[in-house]
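Fold and contact review
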Protein chains: 2
Amino acid sequence: MMEKRLQLVSRLSRPTESKILFIVIDGLGGLRHPEYGSEKYPKGMTELQYANLPNLDRFARHELSQCGLIYPVRRGYTPGSAAGHLGLFGYDPFYYEAGRGAIEAADLPQGEIGIGDIIARFNFCTIDERRRVVDRRAGRMTDGKRLAKILNEKIPKINGARTKIISTKEHRGVFIIKAEVGLDPKITDTDPQVNGKMILKARPIVNPGEREDAQLGAMQAADIVNIYTSKAEEVLRKESSANAVIFRGFSTIPDLPKFSAVYCLNAAAIAVYPLYRGLARILGMAVLDGAKNFEEEVKLLNEHYDDYDFFYLHYKDPDARGEDGDFLGKVKTLEHFDGLLPQIISENSTKFGKGEFKFDVIAITGDHSTPSVVGAHTQHSVPLAINSNFMKGYDTTRHFTEEECISGLLGRLEGIELMPFLLSNARKLNKFEGFERD
Amino acid sequence: MMEKRLQLVSRLSRPTESKILFIVIDGLGGLRHPEYGSEKYPKGMTELQYANLPNLDRFARHELSQCGLIYPVRRGYTPGSAAGHLGLFGYDPFYYEAGRGAIEAADLPQGEIGIGDIIARFNFCTIDERRRVVDRRAGRMTDGKRLAKILNEKIPKINGARTKIISTKEHRGVFIIKAEVGLDPKITDTDPQVNGKMILKARPIVNPGEREDAQLGAMQAADIVNIYTSKAEEVLRKESSANAVIFRGFSTIPDLPKFSAVYCLNAAAIAVYPLYRGLARILGMAVLDGAKNFEEEVKLLNEHYDDYDFFYLHYKDPDARGEDGDFLGKVKTLEHFDGLLPQIISENSTKFGKGEFKFDVIAITGDHSTPSVVGAHTQHSVPLAINSNFMKGYDTTRHFTEEECISGLLGRLEGIELMPFLLSNARKLNKFEGFERD
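Residues numbered from 1 in each chain as written. Chains lettered and ligands numbered in written order. Predicted model: local features only at pLDDT ≥ 70, side-chain atom pairs only at ≥ 80, totals over all residues. Heavy atoms only, no water.

A look at helix H7 (residues 216-236) of chain B
Residues and elements named next belong to chain B.
- With 21 residues, H7 should cover 30 Å at 1.5 Å per step; its first-to-last C-alpha distance of 30 Å lies within 8% of that length.
- Among the residues of H7, those classed as buried are Gly217, Ala218, Ala221, Ala222, Ile224, Val225, Asn226, Tyr228, Thr229, Ala232, Glu233 and Leu236.
- Each element contacted by the buried residues of H7 is listed here: strand E3 (118-127), helix H6 (144-154), strand E5 (157-158), strand E6 (161-169), strand E7 (172-177) and strand E8 (244-252). (Helix = DSSP H or I, 4+ residues; strand = E, 2+ residues; numbered from the N terminus. Expected span 1.5 Å × (residues − 1). Buried < 20%, exposed > 50% of the residue type's maximum accessible area, 1.4 Å probe, protein only. Contact = heavy atoms within 4.5 Å.)

Structure representation (C-alpha cells):
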C-alpha cells in the first residue's frame, strides 16, 4: 500500500524534459561553536558561517534561488541517515519501514539480494569442542571469502530454500535466504554477543499472548538457520581460521514504491557509501558505479548528464568530520564542496552566474544536522536552497547559513514536503484540482 | 490505542539525568490594543510589548535560547484550555477525547474518581408537586454538603453499581457511578436547562440508524440515573433547601496514556486551578499540593526540585485579566511573572545569565492567546522560547514578544510538535533510524 500523500504526488506527476539535481550534503547543519567566534559573532559561529563559501553563497543569493530550513524526518526528531533520506525523497519515515542493516545489505552486487529475501549479518567465529564461542571475531581472520565459497558450495539449500553467504570484511558478512518460500524474519539471533557463551538457537520472536507455533514462517526460518549453523560447523570443522558462524539482525529487504515510477522520473544515485547506495537501490534508482570519492562522483555526474532527468548526489564528508567533533575539519569539507560546486551545476566549470546552470532545478540540503560542537546527529533543522530556472522568486537570503535561512522564502519544511516543491519547480507536477475518482 | 505519533515518541524516549521545566503562561499571547500605542507602535502594542519584562527578554535573547510561535491545538483553531494543554503535552487534541467536566472532576480527592467512572455535573434544585423544576439552583442553597451526605447514606447503590454525590459549591456538585460494571455515559441530561419544565428522563443517545436497545451499557446507565433521580426525590422530600437533583454532561474520566510512561519522565505538575490539576492527574503526573497562588507554586517548584525530572508549572493570571478585557491588568500579571522568573529558573534567585539555569531545558509558552482587546481565547499563535543547556543555537530574537517571535529559529509549531523538541534538547529522545521490529 502506498502512503496516501505519496499516492497523490504520484497521480499528479508527469514526465517532462527538465532535469533535477538533488544534492545531499550529509550532516550539513551546524551550531555555533564557542571557540570560533568573530566580532560579529562573539558567541561563536557555525561551520557554514565560518567557512569561506563564495559559490554556495552566490547560489543562495541567486535571483532564481529560494532558501529555507528543513526537518528531514519531522520537527523535533533527530534523523538517522536512512530515515533522513527517506524523508527528503518524500517517503514518510513514520510510515515506511527501512532498517539500516537491510538497507546497507541492499548495496551488495545486484542479483545477490532481492525484495523479500531474508538477510542477517553474520560473523565467522571460533568455538570450542562444547560449542562455546571463544572468539566472536575469529581473530579478525582474513580468508572469509575462501570460507564463504566453500560454504556456498557445500550448503546451497536448506529445506528447499536457497541460502548464501557473502563475506564482506574480515570476519563479517551477510547471510541470505532467498525469498521463494513464505518465510518470516521475525526470529532471534544465534550470536550470544559475548565470548564464553554457547551459540544460541534461532527461535520465533513471540509477543506476549501469542503462541510460538502460530508463527509458521518464522519457525521455518528458524529451522533453516539452526540447520545451517550445524552444517556450517561440519563443513568448517577442519579449518584453522574459523570453525563456525553466528547470525544477528534478521530482516527483509523492504519493498518500497519505486522512486522513478512514483515521480515519473528516470533517477540516478551517485554515492560512495553502502547505506546511501543501498537505499537508492531499494528505491529503484540507477546506482552509478565507479566513484571512490566526491571528485569522482562529480565526474560521474557529468559523464551521465544526458542519461537521467533526476540525480541524487551524496556528499558524505561533512557528517564524518562533524561526528568527530572536528569544527575546522568540517569547515574544510564544506569549502571543498564549494570549490567543486561550479563543476557540479554550471556549464562553465570554474564559475557560474545567471542562466548558466545545467539543471532546471537544483536543491542543496542535508539529511540532518551534525554540529561539530555536539559531535552527533541532532534534531536541528538543516539549511535548504532550491534554484529553479522556471521561477523568479523574491527570496532575500545572502549567505547559505543556518541563521540566514531562518528568514528564507521557503520557511520551515518537513522532509516529505520537499519533493512536490522540486517537481513543481521543474514543471513535473500537475495542478491539483482535488481528488477525483480514478 | 496510543495515537501513532505518540507511540513513536514513546519508543524513542529514554530516561536521562537532565531536567525539563515547562512553564505555561495561560492566555499568554495578545494583540495590539489601540489605546496603548507608542512612538514606535502608533497603532498600539500587545501586552507583551507594553510590559516591562527584562527577565523574559534576557531569557529570549540568551545564547542558548530559541524562539518561535506555537499553535497549541492546530493552526487556525482557538484552543480551549484542556485541548491547548493536551496539545502542548503532545497528546493530539483531535485524537484524544477529554471533556472539560471530566477533567475538572479528576482533581477531586484521589480515590473518589477513577478511570472509567461515569461522572456528571448535578444541581440540587427545587421542584413542585408535578415535578416541574421551579428553581434550577434551589435559591443557591448553602447546605449541599449536608444533603450530599444524606443521599450517599440512603442511596449507596443502584442496580449493583455504586453511586456517589459530591457537593462542590452552593447547589453544584459532581455525580459519580463507579466503573465496576460495563456502563456507557452516552446518555442525555435530566436537567431541562430552564425553570418551569419537567425533570427529563435520561435516555441513551442514539445516532441515526442505530437502535436504542442496541446500546446496552447506555440503557443501564440511563436506568441508574432515572432510578437515582426518583429515590433522591423521596429522600429529599422533607428538605426545605432543595428537594431534587438534575444531571447534565455525562462522561467518563478518559483513560489517556500516562505522560511519565510515554516520555520516560518522572513528571510533576504545579498548578492551582482544578482544570489543570485534573488534566495532570489524568495524565498520571504527580500533582503537587500546597500552593494557593503563583508565588507558592514557585516555592513548591524549588522545594521539589530534586524529586522530579519534568515540571509543568502553570500561571493562570494573564488569562483571567485577558478575559476581563483588562489590558493593564494583564500587563501587570506578566510583569509579576517576570519578577519571579529568576527564582523559577536560576541558581541565583535575583538575576540570571550564562550557565546559571537550574534546568537543562526550559520552555516558556502559553496554552492559547487571550488578547485583552478581544476578551476571550483566540486562534492566534503564542510566543514560545526554549532554552537548552545542550545546544548552541543561532536565534537572533531580542524580546519575548509576538512580533519578534515571528522571526525566531523555531518558526511556527503545532502543539504536538513541541515535546519531541524538548526531549531532543534534553537528550532524552533517541535518533530515529526508521521502524524496525520490536
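Picking up where we left off.
Here's the deal with the environment of Leu413 of chain A
Residues and elements named next belong to chain A.
- Looking at the element boundaries, Leu413 is found in strand E14 (residues 411-414).
- Counting along the chain gives 32 residues from Leu413 to Ser381, while the straight-line C-alpha distance between them is 8.8 Å.
- Leaving out residues up to four positions away in the same chain, Leu413 has contacts with Leu69, Ile70, Tyr71, Leu384, Leu418 and Phe421.

Side note on the relation of the copies chain B and chain A
- In the superposition of chain B on chain A (RMSD 0.5 Å, axial shift 0.0 Å), the rotation amounts to 126 degrees. What we have between these two chains is a three-fold relation. Identified as the residue of chain B closest to the rotation axis by C-alpha distance is Ser407 of chain B, at 3.6 Å.
- Looking at chain B, a mere 3% of its interface residues are interface residues in chain A too, so the copies touch through different faces. (Least-squares fit on C-alpha atoms with pLDDT ≥ 70 in both.)

Re unusual backbone geometry
All names here are of chain B.
- At Arg140, a position not held by glycine, the phi torsion is positive, near 45 degrees.
- Positionally, Arg140 belongs in the loop between strand E4 (133-135) and H6.
- Despite not being glycine, Cys264 has its phi angle at roughly 55 degrees, a positive value.
- Relative to the elements of secondary structure, Cys264 occurs in the loop between helix H8 (259-263) and strand E9 (267-270).
- Judged by its relative accessible area of 26%, Cys264 falls in the partly exposed class.

Comments concerning the environment of Thr142 of chain A
Residue and element names in this part refer to chain A.
- With respect to the helices, strands and loops of the structure, Thr142 is situated in the loop between strand E4 (133-135) and helix H6 (144-154).
- Judged by its relative accessible area of 74%, Thr142 is exposed.
- Separated by 27 residues in the primary sequence, Thr142 and Lys169 place their C-alpha atoms 7.8 Å from one another.

A look at helix H9 (residues 274-282) of chain A
- Here H9 of chain A lies mainly inside the structure; eight of its nine residues are buried.
- Phi for Gly284 of chain A, located one or two positions after H9 of chain A, is positive at around 80 degrees.

Things to note about the side chain of Arg136 of chain A
Residue and element names in this part refer to chain A.
- By the secondary structure assignment, Arg136 is in the loop between E4 and H6.
- Side chain to side chain, Arg136 and Asp191 meet in a polar contact 2.7 Å long.
- Sequence-distant contacts of Arg136, defined by excluding residues within four places in its chain, comprise Asn123, Phe124, Cys125, His171, Asp191, Gln193, Val194, Asn195, Ile246 and Arg248. (Polar contact = N/O pair within 3.5 Å; in protein donor to acceptor, adjacent residues only side chain to side chain.)

With respect to the nonpolar core
- Phe259 and Ile344 of chain B are the most contacted members of the largest nonpolar core, which totals 104 residues.
- Among the elements that line this core, the one with the most residues is helix H12 (residues 327-345) of chain B, at eight residues.
- If we skip the residues at most four places from it in the chain, Phe259 of chain B touches Phe89, Tyr91, Leu265, Ala267, Leu283, Met285, Phe310 and Met419 of chain B.
- The next biggest cluster of nonpolar side chains, apart from the first, holds 102 residues, and it includes Leu28, Ile70, Ile103 and Leu384 of chain A. (Core = buried A, V, L, I, M, F, W, Y, C linked by side-chain atoms within 4.5 Å.)

So, the interface of chain B and chain A
- Across the contact, 32 residues belong to chain B and 39 residues belong to chain A.
- Buried area between chain B and chain A, summed over both chains or domains, comes out near 3,100 Å², and the portion from carbon and sulfur atoms is 56%.
- Our count for the chain B to chain A interface comes out at one salt bridge.
- Across the pair Glu417 of chain B and Arg75 of chain A runs a salt bridge whose closest N-O atoms are separated by 3.6 Å.
- Mapped onto the side of chain B that touches chain A, the elements with two or more residues apiece are helix H1 (4-12), strand E14 (411-414) and helix H14 (418-425) of chain B. (Buried area = accessible area lost by both parts, 1.4 Å probe. Salt bridge = Lys/Arg side-chain N within 4 Å of Asp/Glu carboxyl O.)

Some remarks on the pairing of strand E13 (residues 382-388) of chain B
Residues and elements named next belong to chain B.
- Across the seven residues that make up E13, a large majority, seven, are buried.
- The two faces of E13 match: Val382, Leu384, Ile386 and Ser388 on one face and Pro383, Ala385 and Asn387 on the other face are all buried.
- Sheet topology note: the strand E2 (residues 65-71)/E13 ladder contains six bridges and is antiparallel. Of the residues in E13, the one forming a bridge with Leu69 is Pro383.
- Here four bridges tie strand E12 (residues 361-365) to E13, and the two strands are oriented antiparallel to one another. Bridge pairing in E13 places Ile364 opposite Ala385. (Pairing = 2+ DSSP bridges.)

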